[in-house]
Amino acid sequence: TIMRFFLALALVAVGCLADDAPELVNPCLNMSESFHTMPFCDPTLPIDQRVADAISRMTLAEKINALGTGTAEIKSLGLPSYNWWSEATHGVASGRNDAKTPYMTNFAFPITTAMAFNRTLWQKTGSQIGREARAFMNAGNGYSTFWAPVINLAREPRWGRNVETPGEDPYLSGEYATYFVKGFQEAPEDPTHVQASACCKHYVANSMEDSTVDGVHHDRHEFNAEIPMQDLVDSYMLPFQACVEKGRVTSLMCSYNSVNGVPSCANDWLLTTVARQEWNFDGYITSDCDADDDVFNQHHYTVTAEEAVRDVLRAGTDVDCGGFVQKNAQSALDKGLITEADIDERLSYLFRIRMRLSHFDPIGPLDKIPTSTICSEYALALSHDGAAQGSTLLKNLDNTLPLDASKISDVAVIGPNGNLSQSIAGYYGPGHPCDMKFWNMVDAVAQYVPHTSSFMGVPDVLSDNLTMIPAAVAAAEAADTVVMVVGTDLSAAHEGYDAINISFSFGQTQLIEKVAAAAKKPVVVVILTAVPLDLTPLLSNPKVGAILHVGQPSVTTLGVGDVLFGKKVPAGRTVQTVLPKSYQDEISIFDFGMRPGPSPYPRPDCGKPADQCPNATNPGRTHRFYTGTTIVPFGYGLSYTTFEYKPLHVPEHVDLSRAHSVVSALAQSNRTFPSLASLAQDDIAYAVNVTNTGSVDADDAVLGFLVPPQAGQGGVPLQTLFGFERVHVKAGETVTVWLYPSLNDFTTVRPDGKWEVLKGEYTVRFGVRETAAHGQGFAEMKFTAS
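Residues numbered from 1 in each chain as written. Predicted model: local features only at pLDDT ≥ 70, side-chain atom pairs only at ≥ 80, totals over all residues. Heavy atoms only, no water.

## Looking at the overall build of the chain
Part 1 of the reasoning: Within the chain, the regular secondary structure consists of 24 helices and 28 strands.
Part 2 of the reasoning: Principal-axis analysis of the C-alpha atoms gives the chain an extent of 75 × 60 × 60 Å.
Part 3 of the reasoning: When burial is assessed residue by residue, the chain has 62% of its 786 residues classed as buried.
Part 4 of the reasoning: Pairs at least 24 apart in sequence give 78% of the contacts found in the chain among residues at least 6 apart.
Part 5 of the reasoning: Here the chain displays about 26,900 Å² of accessible surface, and carbon together with sulfur accounts for 52% of that area. (Helix = DSSP H or I, 4+ residues; strand = E, 2+ residues; numbered from the N terminus. Buried < 20%, exposed > 50% of the residue type's maximum accessible area, 1.4 Å probe, protein only. Contact = heavy atoms within 4.5 Å. Areas by Shrake-Rupley, 256 points an atom, 1.4 Å probe, with all protein chains shown as cover.)

## Brief notes about the sheet that holds strand E3 (residues 200-203)
Part 1 of the reasoning: In space, the 3 strands of this open sheet follow the order E3-E7-E10, with parallel pairing throughout. Each edge of the sheet is formed by a strand with only one pairing partner; in this case those strands are E3 and strand E10 (284-287). Taking the axes of each pair of neighbouring strands and ignoring which way they run, one obtains an average angle of 25° across the sheet.
Part 2 of the reasoning: In terms of strand pairing, E3 meets strand E7 (residues 251-254) through 2 bridges, oriented parallel. If you follow Tyr203 over to E7, its bridge partner there is Cys254.
Part 3 of the reasoning: Running over the sheet, helix H8 (residues 238-245) touches E3 and E7 and is turned about 145° from E3.
Part 4 of the reasoning: Along the sheet, helix H9 (residues 268-278) makes contact with E3, E7 and E10, crossing E3 at roughly 140°. (Pairing = 2+ DSSP bridges. Axes fitted to C-alpha atoms, helices over the stretch in contact; angles between N-to-C directions.)

## Overview of the packing of helix H14 (residues 377-390) against helix H20 (residues 557-564)
Part 1 of the reasoning: Running from N to C, H14 and H20 cross one another at 50°; their axes reach a closest spacing of 7 Å. Taken together, the axes of H14 and H20 are oblique relative to one another. As H14 packs across H20, the resulting crossing turns out to be right-handed. Residues His384, Ala387 and Ala388 of H14 form the contact with H20, whose own contacting residues are Thr557, Leu558, Gly559, Val560 and Val563. (Parallel < 35°, antiparallel > 145°, perpendicular 65-115°, else oblique. Left-handed = near helix turned anticlockwise from the far one by under 90°.)

## Structural notes on the environment of Gly628
Part 1 of the reasoning: One can find Gly628 in the loop between helix H22 (622-625) and strand E19 (643-649).
Part 2 of the reasoning: For the pair Gly628 and Thr577, spaced 51 residues apart in the sequence, the C-alpha separation amounts to 11 Å.

## Notes on the sheet that holds strand E9 (residues 262-263)
Part 1 of the reasoning: Pairing within the open sheet is mixed, and its 3 strands lie in the order E6-E8-E9. Lying at the two open borders of the sheet, with one neighbouring strand each, are strand E6 (224-225) and E9.
Part 2 of the reasoning: For strand E8 (residues 258-259) and E9, the ladder comprises 2 bridges, and the chain directions are antiparallel. Across the sheet, Val259 pairs through a bridge with Val262, a residue of E9.

## Some remarks on the pattern of salt bridges
Part 1 of the reasoning: Tallied over the entire structure, the rule returns 39 salt bridges.
Part 2 of the reasoning: Across the pair Asp48 and Arg352 runs a salt bridge, and its minimum N-O distance is 2.9 Å. Placement of the pair is Asp48 in helix H2 (residues 47-56) and Arg352 in helix H13 (residues 340-356), with a sequence separation of 304 residues.
Part 3 of the reasoning: Through salt bridges with shared partners, one network takes in Arg161, Glu164, Glu209, Arg220 and Glu495. (Salt bridge = Lys/Arg side-chain N within 4 Å of Asp/Glu carboxyl O.)

## Points about the state of the cysteines
Part 1 of the reasoning: Enumeration over the complete set of coordinates arrives at 6 disulfides.
Part 2 of the reasoning: In the chain, the cysteines engaged in disulfides, taken in order along the sequence, are linked 1-2, 3-4, 5-6, 7-8, 9-10, 11-12.
Part 3 of the reasoning: In this structure Cys199 is not part of a disulfide, and its nearest cysteine sulfur, from Cys200, lies 7.0 Å away.
Part 4 of the reasoning: Using a relative accessible area of 0% as the deciding quantity, one classes Cys199 as buried. (Disulfide = S-S within 2.5 Å.)

## What to know about the packing of aromatic side chains
Part 1 of the reasoning: Tallied over the entire structure, the rule returns 32 aromatic pairs.
Part 2 of the reasoning: For the ring pair Trp84 and Tyr284, a centre distance of 4.9 Å and an interplane angle of 55° mean the geometry is tilted. A residue pair is termed long-range when its members are at least 10 positions apart, and Trp84 in the loop between strand E2 (82-83) and helix H4 (110-113) and Tyr284 in strand E10 qualify at 200 residues.
Part 3 of the reasoning: When its relative accessible area of 3% is taken as the criterion, Trp84 is described as buried.
Part 4 of the reasoning: Here the aromatic rings of Phe746 and Phe783 are separated by 6.4 Å at their centres, their planes lie at 70°, and the arrangement is edge-to-face. (Phe/Tyr/Trp six-rings, centres within 6.5 Å; stacked < 30°, edge-to-face > 60°.)

## Quick notes on the pairing of strand E15 (residues 523-528)
Part 1 of the reasoning: Most of E15 is tucked away, with 6 of its 6 residues classed as buried.
Part 2 of the reasoning: Along E15, one buried face is formed by Val523, Val525 and Ile527 and the opposite face, lined by Val524, Val526 and Leu528, is buried too.
Part 3 of the reasoning: Here strand E14 (residues 481-487) pairs with E15 via 5 bridges, running parallel. Bridged to Gly487 within E15 is Leu528.
Part 4 of the reasoning: In this fold, E14 hands off to helix H18 (residues 506-518), which returns the chain to E15; that crossover is right-handed.
Part 5 of the reasoning: Of the strand pairs in this sheet, E15 and strand E16 (residues 544-549) are connected by 5 bridges, and their pairing is parallel. Paired with Val525 across the strands is Ile547, a residue of E16. (Right-handed = clockwise from strand over helix to strand, strands pointing away.)

## Considerations on the packing of helix H5 (residues 119-138) against H14
Part 1 of the reasoning: Contact geometry for H5 and H14: axes closest at 11 Å, N-to-C directions at 145°. Here H5 and H14 pass one another in a crossing that is left-handed. Within the contact between the two elements, H5 uses Leu121, Lys124, Thr125, Gln128 and Glu132 and H14 uses Tyr378, Ala379, Leu382, Gly386 and Gln389.
Part 2 of the reasoning: Residues belonging to the contact of H5 with H14 are distributed by class as follows: 4 nonpolar, 4 polar and 2 charged. (Nonpolar A, V, L, I, M, F, W, Y, C, P; charged D, E, K, R; others polar.)

## Quick word on the layout of surface pockets
Part 1 of the reasoning: In this structure, the largest pocket spans a volume of roughly 750 Å³.
Part 2 of the reasoning: Lining the largest pocket are 39 residues, with Tyr171, Phe722, Ser742, Asn744 and Asp745 positioned closest to its centre.
Part 3 of the reasoning: Considering each element in turn, the lining of the largest pocket owes the most residues, 6 residues, to strand E23 (residues 720-729).
Part 4 of the reasoning: When the residues that make up the lining of the largest pocket are grouped by side-chain class, the tally is 22 nonpolar, 9 polar and 8 charged.
Part 5 of the reasoning: Roughly 370 Å³ of volume is contained in the second largest pocket.
Part 6 of the reasoning: In terms of lining residues, the second largest pocket is bounded by 17 residues, among which Pro633, Gln719, Arg765, Val768 and Glu770 are the most central.
Part 7 of the reasoning: Considered class by class, the residues forming the lining of the second largest pocket number 9 nonpolar, 5 polar and 3 charged. (1 Å grid on protein atoms, 1.4 Å probe; cavity = no way out; pocket = protein on both sides within 12 Å on 5 of 7 lines; lining within 4 Å. Points joined across faces, edges and corners; volume = space filled by probe spheres on them.)

So this is what it looks like as C-alpha cells:
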C-alpha cells in the first residue's frame, strides 16, 4: 500500500541503524583486516572469479540471509547490512537526511517529463538523480541500488500508477527508459563502473492496482493478467527489451501479478529465457515487495511455501523483497527442493552488480562525487526546465496565453490543486526537496505577479461540496486575471488504488463553469493530473481561454509559471490519449487486451453481478488500437508560434529484404524477440523541413508516425510512433529533422506471437493532423514497401 511505501522509505532514510554508521563500507580498503588480501578484493581479476571467491567464503546462513532485500551483516566478507531497496522515480527518495545531506533535488514526475519528447532531458535528469544518489553513498547516507524507472504502459486511464510512467506508447516508453537509465547509471569519468543501479519495473503487465467491477474484486497481488501473446510481445514487453538492450539496465523487478497463469516472479520464460538469454540482461532481478510471498499465499501457485521458494529461485528471481525466501529457504533445502548451488547462482548476480558498483574496488572517480552536487543551481534549473518542457498546450483561444505580467494588476488562482505540492512530493520522490521549498502553482504565478491570491473553490479534487464556490466566484469577479488549477491528486489514484472516474468531479465541474462565467475575461485552466480526464466541458466552453496540461510537476511548478508568462514556449505533446468519460463504462480495467474485439469481462455499467452480464466489446487501447471517439489524441500539443512542415526526403519505395531475413531467421530459432540491434538501420530515413512561421523563437517536438497496410484490420495497429525529435527553431527560420524507423516498424505480430513483415502501401505522417487547424506543422506522404 501507499502507507507501507512511506513507512519503508522512512526506515531506509534512517538506515535502520541506531547510530550514524555509514550505510556502505568497503572491506577491501581496511588494511587492518585480512579481507583486502582476498581474491574478491583484487580488481585485476575477472569479475566472475571475484564473485565466486566472495560467495565461497560465506556460510550457508549468510547466503540465505543475502537472498533478501534487507541483507544483514556478512561477517565472512566484512560487510555491514545492506538494503537493496531505494527509490528514485523523480529524485532520490531514499537516504539519510542529516547535516551532510539534508536535501535532494525533486523533479517532475515522468508523466510530465515524458511529454517533452526530449531524450536529452531524460538523460540529463537521470544523470543528475544518479549523481545525487552517488553523493549520498559517498557521504555514508545511502545505498546503491534504486528501483526506478516504472515503464509499464499507461494502457488504462484508471490505473493508479500512471503518474510514475512515461505514457501509453511502447516505443516512447522504451526510449524514456533507455535515456533515463543511461544517464542514471553511466558517468563519463568512470566508464568501467556503474554510478548507481537503475531498475526497470514492473516486469511485466502490472497496470491494475485494486478495483471492483460488477461486484468482482481484484488486486495486484492475486490478479492473473490474461494477455494474448500478440499483445504481450508487441506492446507490454517492448519497453523492457529497450531498457535492457539499449539502456543496459542493471536490474529488473518482477511484478505482483501472474501472466497467463504464471506469477511473474516464478516465470522462467520471462526472467531467464527472454530477459537473460534473448535480451542478454546483465544484472539482478528483484521481486516486488512480497511478490514472492504472493506466489504461494495469493496466487496459490504451489502447494507449499518451500515449492514457491524453489520456483522463484529457479525462475531467476535473485533477491526477495519481503523476507519470504529468507524464511523458507532452509526448509526448502532440507526437503531437497533446492540446492546450495541454486542459492549460489542467485547470489552471483547480486555480487556481480555490487562489484560493478565498485563496492570492493579502490577509490575511484565516482567515489569523489561531492554532496555539493545535490541541489546545485544546475540541478534546480534542470528540474524546473523539465516541467516547462513537459507543459502541453491543449487550447489557446485568441492567444489567451502567454500572460503579460506587465499588464496584469492581480491574479486569482482558483482550484483544489493550486496549493498541491507537499502532499505529492514524497511519493516515490524526495520528501526533503532543496531548502524544503514545496513550490506550488500559486508560487508559480506569484513569481510574475506578486499580487496573487488563492482560493480552493472546493474542499478537494473528489468533492461534490459546492459551499465554497460562491467565494471563488466573487474572487473571479474581482480579479484582473483568473488562473484555475484543477485535476486530480493522489486521493484519486495512487499505488494500491485505481481511479474510479476519468471525468472531473461534479464539484470541480461546477467550479470551472461558474468561475469561468464570472471572470472578466476567459480563464486559463492548468490541469494537474495523471488520470487523463475527459476535457469536453472545458474545450467547448468559450469562457475557458486556454488549457495547459502539465501532468504532475511535483515541486517544480515554477517551470510551469515560465510557460504561462511566456518566458518559455510550450512544446509538450500528450503521452496519453484523452478519452470520453463513457470509456469507463465500456471496458473493464481487468481486460488487458490491447486490440479491439470481444472482451472476457462484462461492461462496468452492467448494473448486475458479473455472472449475469454479457461480456463487453473492447474498443482497443492506446492510440495504436483504440477505435472509438478521441477527445484529445496522443501526440497533441500547441505552441505560442506557428509551424509549417514540408517533407524533404521520403523514399517512394522501401526495400524490406533485410526485414524478411531477420524475421525468417527468428522463425527458425527458438527466440520470441529479434534483437533491437538486428532491427536498427540507417538506410531508411525520413526528413522534414520545420519552419517557424510565427514571430516567437520556440521548440517544436516533431513526431513521426507510420500508418501500415491494412491498418486496424486483423490486429494490425492503426498507427505506430516510429520516431521523434525536439528541436529549437527561431522565428522565420527552418530546421531539417531526420527520423529513422526501425525495421520493426515494418512488421506486425500475429496472434501466436510470431513476427511477419508487412508489405504494401504505407503513410508516413509528421505531426498530428488535429493540430494543423491551430497553426501547427503536419504533413503526410505515401510510399510502398516490399
